[in-house]
Amino acid sequence: MRDRNKERLLAAGRVAAAAAFVALMPGLAQAHIVQGGSGGFLQGFEHPLSGADHLLAMFSVGLWGAQLGGRNVWALPITFPLIMVLGGILGIAGVPLPAIETGIALSIVVLGAAIAFVWRPPEWLALTVIGLFAICHGYAHGAELPVAADPADFAIGFVIATGLIHLAGIGVGLGVSRALGDRMIRIPGGLIAVGGLYFLVT
Amino acid sequence: MAEQRPRLAHPQPGNSKQQTSRLARFGLGLAVAAVFTGVVVVALSAGWTWFAQGTLDHWLLSTTFTIERLLPLVGAGFLLGQLPARFRLPVLLILGFGLVSALITRDTLMLLLAPLPGAATHFFLVGPIACLIVGLLLVLPAQMRFWPAMILMPSFGSALGLAIYFSDPSLHDRFYLPLALPVALWLILIAALVTGLVTAAWTRIGVRVYGSWLVAIGMLYGGAYMASKQTQLVPPPFVEPPPASGDYPGFQPLLKSLDRHGPQRPVLGTDHSGIGDLPPGEERGT
């Protein structure tokens with residue numbers, strides 16, 4: 001019994017350390033549409049990581065998939081980049097879309113709240129929600145692509161980084177639910193939703 | 001008298017299983033030997049370039065190991081590795097057919113691809129096309145991949161062949177193609193071997209996720225090339241020349257270092273006579 005408690009304590013410590021690391025990461029600026037300048041693989045890879053709003057949204061996609069379980073574990077992270085392409089093309093073509101930044105902030109609130117309140121919609125609805133927000137994120141990336149010095153490497157960089165954040169979300173979700181139980185995933189979900197509210201207000 | 005074993009008219013199930021496993025082991029051994037040989041060839045090629053040139057900047061395989069080339073190659077390997085064993089050879093052969101035919105008919109292919117926006121200035125978009133084809137095939141469920149692969153793999157092979165041809169870092173070194181083509185196939189083989197050996201359920205999911213990344217990369221970077229805001233050469237902005245001063249503009253000494261002491265050519269005189277002035281302290285000889 002004591003060993004079990006010790007294991008739980010250790011697991012909670014690890015999760016807390018990981019959360020603290022993420023929370024204290026420097027340079028978590030708001031994601032942005034850069035109006036010029038250069039970009040290659042590293043800049044593309046850095047783009048989703050350097051903006052807290054992109055990072056939180058991608059992470060919650062993985063976390064939500066892990067919480068929903070079953071086919072959703074992989075269906076959500078596969079759907080997200082495929083739909084993100086549509087938004088990316090709209091951004092590349094320069095089609096004006098209103099309130100993209102608001103959509104991105106809203107994606108964090110909705111996904112965080114879905115995790116916190118353990119919302120389990122039917123698969124098609126979950127994919128629709130993910131798809132709508134993927135368009136907003138893709139647009140922000142796509143608008144930046146044509147001005148990047150090396151669009152190929154920029155696109156490769158940010159798609160890989162996005163995928164890796166999804167995988168991190170899935171990994172944390174599955175790891176936390178195994179070590180500490182399903183309820184513990186609700187806590188990061190709530191924190192993410194609060195972060196989304198901050199972006200929505202500011 | 002020793003009892004003779006009866007000859008079997010039909011292979012027994014046990015024998016067939018044994019034969020299959022022996023064949024599989026032979027195939028695996030062959031693949032491992034090919035991987036090892038490839039490592040040796042790549043290392044020798046890099047070492048040779050390093051010793052000859054002191055740098056790997058002009059290494060013949062430097063463009064083969066770039067991320068935009070590796071991603072579709074690894075994807076094609078994953079595709080092959082997850083196909084049932086009997087389907088692997090036809091898909092590999094048709095890929096090889098596409099690759100070789102692209103090298104033979106490259107001019108025709110370039111003409112076909114040229115109308116795409118931004119094609120001529122971005123290697124005829126062969127990189128995004130390769131990513132897109134492999135990504136689409138990988139996103140499909142594993143059991144539905146064979147026939148689409150048979151249809152699309154020649155196009156992937158052609159895109160790959162053209163990409164290899166375009167990215168010759170040596171400007172027509174005769175060893176480039178004989179080295180780059182087998183190394184590309186070798187990279188596919190390594191990825192196929194890994195996915196063929198690791199058959200856990202999560203690898204199928206992982207490969208589909210990877211496929212979705214490839215589709216996104218292909219669409220986005222192809223789109224970025226097509227939507228590139230600068231598609232033609234633009235001359236520099238016109239700068240109005242300064243007003244004429246009557247001092248023979250353009251003939252003044254430009255650099256002070258050229259005005260140093262010592263014998264020098266006489267410059268045009270200030271009296272506009274055509275007879276040049278001499279530097280101060282020097283006299284005109286006879």
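Residues numbered from 1 in each chain as written. Chains lettered and ligands numbered in written order. Predicted model: local features only at pLDDT ≥ 70, side-chain atom pairs only at ≥ 80, totals over all residues.

1. Topic: the overall build of chain B
Okay, step 1: The secondary structure content of chain B amounts to eight helices and zero strands.
Okay, step 2: In sequence order, the secondary structure elements of chain B are arranged as α-α-α-α-α-α-α-α.
Okay, step 3: Relative to its 286 residues, chain B shows a buried fraction of 27%.
Okay, step 4: Counted over contacts in chain B with a minimum sequence separation of 6, partners at least 24 positions apart contribute 75%. (Helix = DSSP H or I, 4+ residues; strand = E, 2+ residues; numbered from the N terminus. Buried ≥ 20, exposed ≤ 12 C-beta atoms within 10 Å, placed from the backbone. Contact = placed C-beta atoms within 7 Å.)

2. Quick notes on the interface of chain A and chain B
Okay, step 1: Residue-level contacts link 22 residues of chain A with 22 residues of chain B.
Okay, step 2: Elements with a contribution of two residues or more to the side of chain A that touches chain B: helix H4 (72-93) and helix H7 (151-180) of chain A.
Okay, step 3: A total of 11 residues in the side of chain A that touches chain B trace back to one element, the largest contributor, which is H4(A).
Okay, step 4: Its residues assigned to classes, the side of chain A that touches chain B shows 19 nonpolar, three polar and no charged. (Nonpolar A, V, L, I, M, F, W, Y, C, P; charged D, E, K, R; others polar.)

3. Description of the environment of Leu185(B)
Okay, step 1: Checked against the element boundaries, Leu185(B) lands in helix H7 (residues 176-197).
Okay, step 2: Distance from Leu185(B) to Phe87(B), taken between C-alpha atoms, is 17 Å for residues 98 residues apart in sequence.

4. With respect to helix H2 (residues 41-50) of chain A
Okay, step 1: Within H2(A), seven of the 10 residues are buried, which leaves it mostly tucked inside the rest of the structure.
Okay, step 2: Within H2(A), burial applies to Phe41(A), Gln43(A), Gly44(A), Phe45(A), His47(A), Pro48(A) and Leu49(A).

5. Observations concerning the packing of H2(A) against H7(A)
All names here are of chain A.
Okay, step 1: Two elements in contact, H2 and H7, have axes whose closest approach is 6 Å; the angle formed by their N-to-C orientations is 35°. In this structure, the crossing between H2 and H7 has a hand that is right-handed. Each of Phe41, Leu42, Gln43, Gly44, Phe45, His47, Pro48 and Leu49 in H2 lies in contact with H7, whose residues at this interface are Asp153, Phe154, Ala155, Ile156, Gly157, Phe158, Ile160, Ala161, Thr162 and Ile165.
Okay, step 2: Grouping the amino acids of the contact of H2 with H7 by side-chain chemistry returns 12 nonpolar, five polar and one charged. (Axes fitted to C-alpha atoms, helices over the stretch in contact; angles between N-to-C directions. Left-handed = near helix turned anticlockwise from the far one by under 90°.)

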